[in-house]
Amino acid sequence: MDVPSSWDALRKQARKIEAQLDEQMHSYRRLVSTKSDGAETSDLEAGIDLLLKQLQQVNAQMKAWVSSGGSDMVSHTLTRHQEILQDLTQEFNRHQSSFREKQKRASLLEEFKEFDRTRLDLEAGDGSSEQALLKEHVGINRNTAQMDGVISQAQATLGTLVFQRSTFGGINSKLSNVTSRLPTVNTILSAIKRKKSMDTIILLLAAAVCTFLIFIYWLTK
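One numbering rule holds for all chains: residues counted from 1, following each sequence as written. With the structure being a predicted model, the display of local features is reserved for residues of pLDDT at least 70 and the display and counting of side-chain atom pairs for 80 or more, all residues being used for whole-chain, interface and lining totals. To get the side-chain values, all heavy atoms of the structure are used, and hydrogens and water are removed first.

Peer 1: Looking at this structure, I do not really get the pattern of salt bridges. What am I missing?
Peer 2: A side chain of one charge can pair with a side chain of the opposite charge when the charged atoms of the two come close. Salt bridges are defined by distance alone: a side-chain nitrogen of Lys or Arg within 4 Å of a carboxyl oxygen of Asp or Glu. As enumerated under the stated definition, the model contains five salt bridges in all. The salt bridge partner of Asp49 is Lys53, with a shortest N-O separation of 3.4 Å. With Asp49 and Lys53 both in helix α2 (residues 38–67) and four residues apart, this pair spans about one turn of that helix. Three exposure classes are used, based on accessible area relative to the maximum for each residue type with a 1.4 Å probe and protein chains only: buried under 20%, partly exposed in between, and exposed over 50%. Of the residues examined, Asp49 reaches a relative accessible area of 31% and is grouped as partly exposed. Note that Glu83 and Arg80 form a salt bridge whose closest N and O atoms lie 3.7 Å from each other. A run of H or I in DSSP becomes a helix once it reaches four residues, and a run of E becomes a strand once it reaches two; helices and strands are each numbered from the N terminus.

Okay, structure coming up:
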């Protein structure tokens, strides 16, 4: 990627990459929401990841330009481009995690179907000791696969909570800037932050309890 030699050139480069990312993210969202081909999705993920790295590089160059003595307007422009990069990165990571979970669920479903076919074959047999052992083995494998599904769901829930926490962190950062300029609203904003922290803790505890109860259920089944 060519290195721009002026602030205007950096801005044009950043806007160009952001437009390319918007287009590719639209295609990626469509693929993730459908039963897409894994190879096609992997190629698109690689392209998006490359563009994100390029945009990060341009933002670093813009930051160096601002540090050398840019105006407030230039600093505001840099902040906006940094926020766009952060939003695009978080969205990409969220959709990528969602797609990985869909792949895992599809794989588990296929394993369940295979287990069912094996079980039917065993039930249609003559009841020999070898078949009894095979049936027991199939049952153990099926329970293991079900536990993997439960753990995957718990991980997906945790990922969602982490993303929400990151989002709240960005909001809190902006609220802190407002607080520094308007001290009179500090008490209200502090109360809002405490409530959001409490909501996050409650969500984490609820997810942990549900995961534990499901785990106990499968162990006693």
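Peer 1: Would you mind going over the side chain of Thr77 with me for this structure?
Peer 2: Relative to the helices and strands, Thr77 is located in helix α3 (residues 72–123). The contact rule is simple, with two residues in contact once any of their heavy atoms fall within 4.5 Å. Those residues in contact with Thr77 that sit more than four places away from it in its chain are Trp7 and Arg11.

Peer 1: Explain the environment of Gln24 here, please?
Peer 2: Mapped onto the secondary structure, Gln24 falls in helix α1 (residues 7–33). Linking Gln24 and Leu44, residues 20 residues apart in sequence, is a C-alpha distance of 7.3 Å. Setting aside its immediate chain neighbours within four residues, Gln24 contacts Leu44, Gly47, Ile48 and Leu51.

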